[in-house]
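# Notes for the structure review
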Amino acid sequence: MQNHSAWLKKANHDLEGAKVLLRENINDLAVYHAHQSAEKALKSFLAFNFCPIQKSHDLVLLTELCCRFDPSFEELRLIVESLNPLGTLMRYPSDRPDPDRNAAQLAIEKAEKLFLYVKNKIQNI
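Residues numbered from 1 in each chain as written. Predicted model: local features only at pLDDT ≥ 70, side-chain atom pairs only at ≥ 80, totals over all residues. Heavy atoms only, no water.

### A closer look at the environment of Phe-45
Rule in force here: To qualify as a helix, a DSSP run of H or I must reach at least 4 residues; to qualify as a strand, a run of E must reach at least 2; elements of each kind are numbered from the N terminus.
Its place among the elements puts Phe-45 in helix H2 (residues 27–48). The spatial distance from the C-alpha of Phe-45 to the C-alpha of Val-118 is 6.5 Å, given a sequence separation of 73 residues.

And the structure:
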């Protein structure tokens with residue numbers, strides 16, 4: 001099992017990478033990395049609680065697993081439901097248009113809120 005701090009560090013790198021991509025107007029990859037940040041932040045909380053890390057990109061499932069250790073993670077439900085599809089929709093070419101700058105900015109803001117929520121939970125336990 002990997003250390004929770006390694007997961008949190010990777011989550012932060014994805015978040016910072018998303019911000020760089022947004023500045024370069026590469027919005028599809030920015031939202032993908034926002035999703036990745038959220039996924040890794042949730043996995044860091046699971047690792048912190050010695051829960052085996054599932055090979056899943058499903059943020060809703062990961063949040064439900066986090067709720068087993070801390071029911072307050074339910075507060076993140078709207079965030080994870082909105083970020084969840086971004087892990088697959090933007091990874092491959094499709095007929096779906098790329099997100100605009102505002103959508104990418106919003107995804108990053110949500111991912112950052114989730115990241116800080118998890119980081120705070122780990123630091124305050």
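Let us keep going from here.
### As for the packing of H2 against helix H6 (residues 101–123)
Rule in force here: Every angle, taken between N-to-C directions, lies between 0 and 180 degrees, and every axis is a line fitted to C-alpha atoms, over only the stretch in contact when it is a helix. Oblique is the label for any angle not covered by the other classes, which are roughly parallel (under 35 degrees), roughly antiparallel (over 145) and roughly perpendicular (65 to 115). It is the rotation of the near helix from the far one that decides the hand of a crossing: anticlockwise by less than a right angle makes it left-handed, clockwise makes it right-handed. Residue contacts are counted whenever heavy atoms from the two residues lie within 4.5 Å of one another. Basically, the charged four are Asp, Glu, Lys and Arg, the nonpolar ten are Ala, Val, Leu, Ile, Met, Phe, Trp, Tyr, Cys and Pro, and anything else, Gly included, counts as polar.
Where H2 contacts H6, the axes come no closer than 9 Å and their chain directions differ by 15°. Viewed along their axes, H2 and H6 adopt a mutual orientation that is roughly parallel. Considering only the axes of H2 and H6, their crossing is left-handed. Across the interface between the two elements, Asn-27, Ala-30, Val-31, Ala-34, Ser-37, Ala-38, Ala-41, Leu-42, Ser-44, Phe-45 and Phe-48 from H2 touch Arg-101, Ala-103, Ala-104, Ala-107, Ile-108, Ala-111, Leu-114, Phe-115, Val-118, Lys-121 and Ile-122 from H6. Tallied by class, residues from the contact of H2 with H6 come to 17 nonpolar, 3 polar and 2 charged.

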